[in-house]
Amino acid sequence: MDHTLFVLVDLLGTFAFAVSGAVAARERRLDLFGVYVAAYVTACGGGIARDLCLGALPPVGISDWRYMACSALAATMTIWASPWVERLKHPVNFFDSLGLGFYAVVGAHKALAHGANVEAAIVLGTVTAVGGGVLRDVLLNRVPAILAKEIYALAALAAAIVQVVAEVNGRSIAVTPWFAAGVCFVIRFLAMRYSWGLPVVGAPRAGTPPIHAKRADDDP
Amino acid sequence: MDHTLFVLVDLLGTFAFAVSGAVAARERRLDLFGVYVAAYVTACGGGIARDLCLGALPPVGISDWRYMACSALAATMTIWASPWVERLKHPVNFFDSLGLGFYAVVGAHKALAHGANVEAAIVLGTVTAVGGGVLRDVLLNRVPAILAKEIYALAALAAAIVQVVAEVNGRSIAVTPWFAAGVCFVIRFLAMRYSWGLPVVGAPRAGTPPIHAKRADDDP
Amino acid sequence: MDHTLFVLVDLLGTFAFAVSGAVAARERRLDLFGVYVAAYVTACGGGIARDLCLGALPPVGISDWRYMACSALAATMTIWASPWVERLKHPVNFFDSLGLGFYAVVGAHKALAHGANVEAAIVLGTVTAVGGGVLRDVLLNRVPAILAKEIYALAALAAAIVQVVAEVNGRSIAVTPWFAAGVCFVIRFLAMRYSWGLPVVGAPRAGTPPIHAKRADDDP
């Protein structure tokens with residue numbers, strides 16, 4: 001996989017995730033600083049958790065200024081150019097789905113490169129992709145969307161599995177990432193297109209709507 | 001302590017903790033994926049936090065498939081065989097109390113083995129035992145039960161202290177874990193039997209029930 | 001900077017942060033154990049997060065008993081001598097602002113000493129100062145105050161930037177910490193004195209007061 005292209009895709013994913021964090025922060029009516037922090041945590045939280053588990057310290061989300069700059073740009077645009085971001089909704093969904101797959105691929109690859117075994121690489125690939133969104137929701141004081149919107153995390157899990165299985169079987173590092181991220185993208189696209197979702201567990205109680213009903217419009 | 005027996009007890013503890021997470025997730029009406037994640041986090045979160053603090057990376061809860069398999073089994077049973085789990089309530093409470101003590105013992109022992117001092121070993125033993133439950137409650141967007149149900153965490157703390165004090169004084173590694181876990185179990189059993197609890201701090205305000213009143217039925 | 005004086009200031013900061021955690025826990029009507037945990041997490045959580053990111057393990061907040069003792073003392077006083085703590089409100093605010101700056105300085109300095117680059121040192125200095133408060137609020141199930149009360153975190157950020165810029169340019173280690181912490185203190189003092197705050201982002205909705213309006217009295 002071409003390095004320049006890879007960095008570009010990685011930063012587009014960061015941007016899309018950061019927009020998701022900034023939009024959620026605006027809806028919670030945080031102040032300026034809060035919006036920047038929410039954008040940064042959403043974009044970089046998953047990678048930081050992965051690096052802590054691998055001992056790759058300090059985490060790249062903290063020591064590489066480009067992630068911070070990219071998050072700050074996304075937050076600034078969300079704050080000052082929100083009608084423009086509204087119109088960007090479809091592109092943002094597009095890059096979010098793309099970023100999801102590439103984050104899972106990058107996380108799984110980095111875990112294997114640091115000597116993690118197959119189980120750990122799959123878990124850490126998925127954590128890289130969805131960890132930032134979980135931290136965003138914890139900070140914004142709500143149940144993480146992925147716990148009630150499962151096709152999102154399952155798509156990332158699929159990408160991590162494809163990448164790890166291919167890599168330990170010696171498949172070409174030039175082709176695998178594209179294929180793995182493509183699997184994630186297709187699953188996510190179909191899930192959004194046809195509103196796929198797993199059943200909610202537990203009998204409904206009167207007056208208690210399922211959590212994901214309240215979450216439907218939370219992500220860009 | 002016999003290694004096979006030890007692994008068996010450890011996995012029973014994992015199972016009991018995972019059931020506790022899955023039951024709490026069902027009550028929150030998460031979807032299938034959310035229930036599996038809540039079970040896994042409850043069972044393995046404390047050990048992961050301990051391993052991060054010790055630099056024992058990647059954390060064993062991520063790299064040993066047995067913990068994942070055991071959590072997944074517990075979640076599956078909670079979802080598909082919930083009447084059976086209902087009837088298991090007393091056994092689950094039993095294994096939860098047993099697991100609590102053994103988790104504290106294992107955590108304290110691992111911390112000492114990694115060169116941590118006495119203070120750190122006691123803290124990390126307790127974190128191993130109660131950390132998963134805290135993460136579960138944070139993910140489910142509620143105040144952690146142990147902050148308002150203190151005899152639970154104090155029992156784990158007692159086990160960690162007994163284990164650490166005995167180990168630094170050269171007591172037999174064959175006997176100490178049983179004794180330390182036994183202390184935890186007895187404290188926990190008596191606390192449940194006689195509804196022990198420390199006083200809530202702060203004057204009551206009208207219309208604000210103490211947090212633990214809402215929590216009473218949250219754990220199996 | 002004189003070592004004895006430094007330790008004294010560090011412990012006073014720990015004390016002030018722990019009081020802040022204990023007061024918040026009382027308002028949430030946690031039990032005795034919960035108040036001690038909240039005090040400890042508020043005082044030591046930021047430093048623990050920093051040490052995890054630097055690989056300085058086990059984190060000093062876990063392995064140095066003085067931080068635990070200081071937190072426990074603060075919690076005990078908040079519980080048993082609360083009228084006295086009420087009268088201490090102004091001193092606590094004073095030490096909290098002082099501790100904020102020194103925590104940021106200590107965190108940034110430790111990060112540079114562990115080989116972190118400039119970006120990471122600034123982030124980790126700020127995290128050291130505000131991380132404990134964020135963890136406190138997550139445990140107490142509310143949106144972190146710093147996300148809606150930004151002059152607090154910005155003051156810590158300023159101290160971290162001053163410390164890092166001075167240190168990488170070879171400025172005297174004897175003078176810089178005082179100056180950096182002083183900058184933080186002055187910003188914080190002016191922000192409290194004149195009720196400075198950044199605008200809340202997003203249009204108001206009927207019946208949804210901004211989060212910081214509910215938070216105003218949460219910190220000592």
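Residues numbered from 1 in each chain as written. Chains lettered and ligands numbered in written order. Predicted model: local features only at pLDDT ≥ 70, side-chain atom pairs only at ≥ 80, totals over all residues.

### Description of the overall build of chain A
Looking only at helices and strands, chain A has 10 helices and zero strands in total. Counting from the amino terminus, helix and strand elements in chain A follow one another as α-α-α-α-α-α-α-α-α-α. Burial statistics for chain A: of 220 residues in total, 58% are counted as buried. Nonlocal contacts in chain A, meaning residues at least 24 apart in sequence, comprise 72% of its contacts between residues at least 6 apart. (Helix = DSSP H or I, 4+ residues; strand = E, 2+ residues; numbered from the N terminus. Buried ≥ 20, exposed ≤ 12 C-beta atoms within 10 Å, placed from the backbone. Contact = placed C-beta atoms within 7 Å.)

### Brief notes about the relation of the copies chain C and chain A
Overlay of chain C on chain A (RMSD 0.0 Å): rotation 120°, translation along the axis 0.0 Å. Taken together, the rotation and translation describe the operation of a three-fold axis. When C-alpha distances to the rotation axis are compared across chain C, the minimum falls at N141 of chain C, with a value of 3.7 Å. (Least-squares fit on C-alpha atoms with pLDDT ≥ 70 in both.)

### Focus: the relation of the copies chain B and chain C
The transformation that overlays chain B on chain C combines an axial shift of 0.0 Å with a rotation of 120°, and the residual RMSD is 0.0 Å. Take the interface residues of chain B: only 13% of them recur as interface residues in chain C, which is what a contact between different surfaces looks like.

### A look at the interface of chain B and chain C
The accessible area lost on association of the parts is a frequent measure of interface size. Facing the 30 residues of chain B at the interface are 25 residues of chain C. Put simply, the parts of the chain that give the side of chain B that touches chain C at least two residues each are α2 (32-54), α7 (118-139), α8 (151-168) and α10 (211-215) of chain B. In terms of residue count, the dominant contributor to the side of chain B that touches chain C is α7 of chain B (five residues). Grouping the constituent residues of the side of chain B that touches chain C by class yields 20 nonpolar, seven polar and three charged. (Nonpolar A, V, L, I, M, F, W, Y, C, P; charged D, E, K, R; others polar.)

### Here we look at the interface of chain C and chain A
Each partner contributes residues to the interface: chain C has 30 residues there, and chain A has 25 residues. Ranked by residues supplied to the side of chain C that touches chain A, first place goes to helix α7 (residues 118-139) of chain C with five residues.

### Describing helix α8 (residues 151-168) of chain C
Residues and elements named next belong to chain C. When the terminal C-alpha atoms of α8 are compared, their 26 Å separation across 18 residues agrees well with the 26 Å that a helix rising 1.5 Å per residue should span. Buried residues of α8: Y152, A153, L154, A155, A156, L157, A159, A160, V162, Q163, V164 and E167, and no others. Trailing α8 by a residue or two, G170 shows a phi angle of about 75°, which is positive. (Expected span 1.5 Å × (residues − 1).)

### Let's talk about the packing of helix α2 (residues 32-54) of chain C against α7 of chain C
All names here are of chain C. Interhelical geometry of α2 versus α7 gives an angle of 135° and a closest axis separation of 7 Å. As summarised for this structure, α2 and α7 are arranged oblique, according to the angle between their axes. By crossing handedness, the relation of α2 to α7 is classed as right-handed. Judged by residue contacts, A38, V41, T42, A43, C44, G45, G46, G47, A49, R50, C53 and L54 of α2 engage L124, V127, T128, A129, V130, G131, G132, G133, L135, R136 and L139 from α7. Of the residues belonging to the contact of α2 with α7, the class tally is 13 nonpolar, eight polar and two charged. (Axes fitted to C-alpha atoms, helices over the stretch in contact; angles between N-to-C directions. Parallel < 35°, antiparallel > 145°, perpendicular 65-115°, else oblique. Left-handed = near helix turned anticlockwise from the far one by under 90°.)

### Considering unusual backbone geometry
Residue and element names in this part refer to chain A. Here the bond from L57 into P58 is cis, since omega is -10°, no more than 30 degrees from zero. Note on placement: P58 falls in the loop between α2 (32-54) and α3 (60-63). A positive phi is found at N141, a non-glycine position, where the angle reads about 65°. Mapped onto the elements of the fold, N141 is located in the loop between α7 (118-139) and α8 (151-168). Given 16 C-beta atoms within a 10 Å radius, N141 is considered partly exposed.

### Concerning the environment of V127 of chain C
Residues and elements named next belong to chain C. The residue V127 is located in helix α7 in this model. Along the sequence, V127 and A160 sit 33 residues apart, while their C-alpha atoms lie 9.7 Å from each other. Ignoring anything within four residues of it in the chain, the contact list for V127 reads G46, A49, R50 and G107.

### Remarks on the packing of α7 of chain C against α8 of chain C
Residues and elements named next belong to chain C. Contact geometry of α7 with α8 gives a least axis separation of 8 Å together with a crossing angle of 140°. In this view, α7 runs oblique relative to α8, as classed from their interaxial angle. Crossing geometry of α7 relative to α8 is assigned as right-handed. Contact residues: V118, A121, I122, G125, T126, A129 and V130 in α7; Y152, A153, A156, L157, A160, I161, Q163, V164 and V168 in α8. Of the residues in the contact of α7 with α8, the class split is 13 nonpolar, three polar and no charged.

### Description of α7 of chain A
Residue and element names in this part refer to chain A. The end-to-end C-alpha separation of α7 is 31 Å, in line with the 32 Å expected for 22 residues at 1.5 Å each. Roughly 50° is the biggest bend found in α7, and it falls at V130. Taken across its 22 residues, α7 has 19 buried, putting it largely inside the fold. Of the residues one or two after α7, N141 is the one with positive phi, at around 65°. (Bend = angle between axes of the 7 residues up to and from the residue.)

### Side note on the environment of P199 of chain B
Here P199 of chain B lies in the loop between α9 (176-193) and α10. Counting along the chain gives 51 residues from P199 of chain B to A148 of chain B, while the straight-line C-alpha distance between them is 9.3 Å. In contact with P199 of chain B, not counting residues within four places along its chain, are D31 and L32 of chain C.

### Comments concerning the environment of Q163 of chain A
All names here are of chain A. Examined against the element boundaries, Q163 turns out to sit in helix α8. By C-beta crowding, Q163 is classed as buried, having 31 other C-beta atoms within 10 Å. On a C-alpha basis, the gap between Q163 and D64 in space is 25 Å, while along the polypeptide they are 99 residues apart. Non-local contacts of Q163, meaning those with residues more than four positions away in its chain, are made with V105, A108, H109, G125, T176, P177 and A180.

### Some details on the confidence of the model for chain A
Residue and element names in this part refer to chain A. Put simply, chain A has an average pLDDT of 81, and 83% of its residues get 70 or more. pLDDT under 50 marks residues 204-220. Its contacts with residues more than four places away, or in other chains, come to 27 contacts. Model confidence for the complex is summarised by a pTM of 0.84, with the ipTM given as 0.81. (pLDDT = per-residue confidence, 0-100.)

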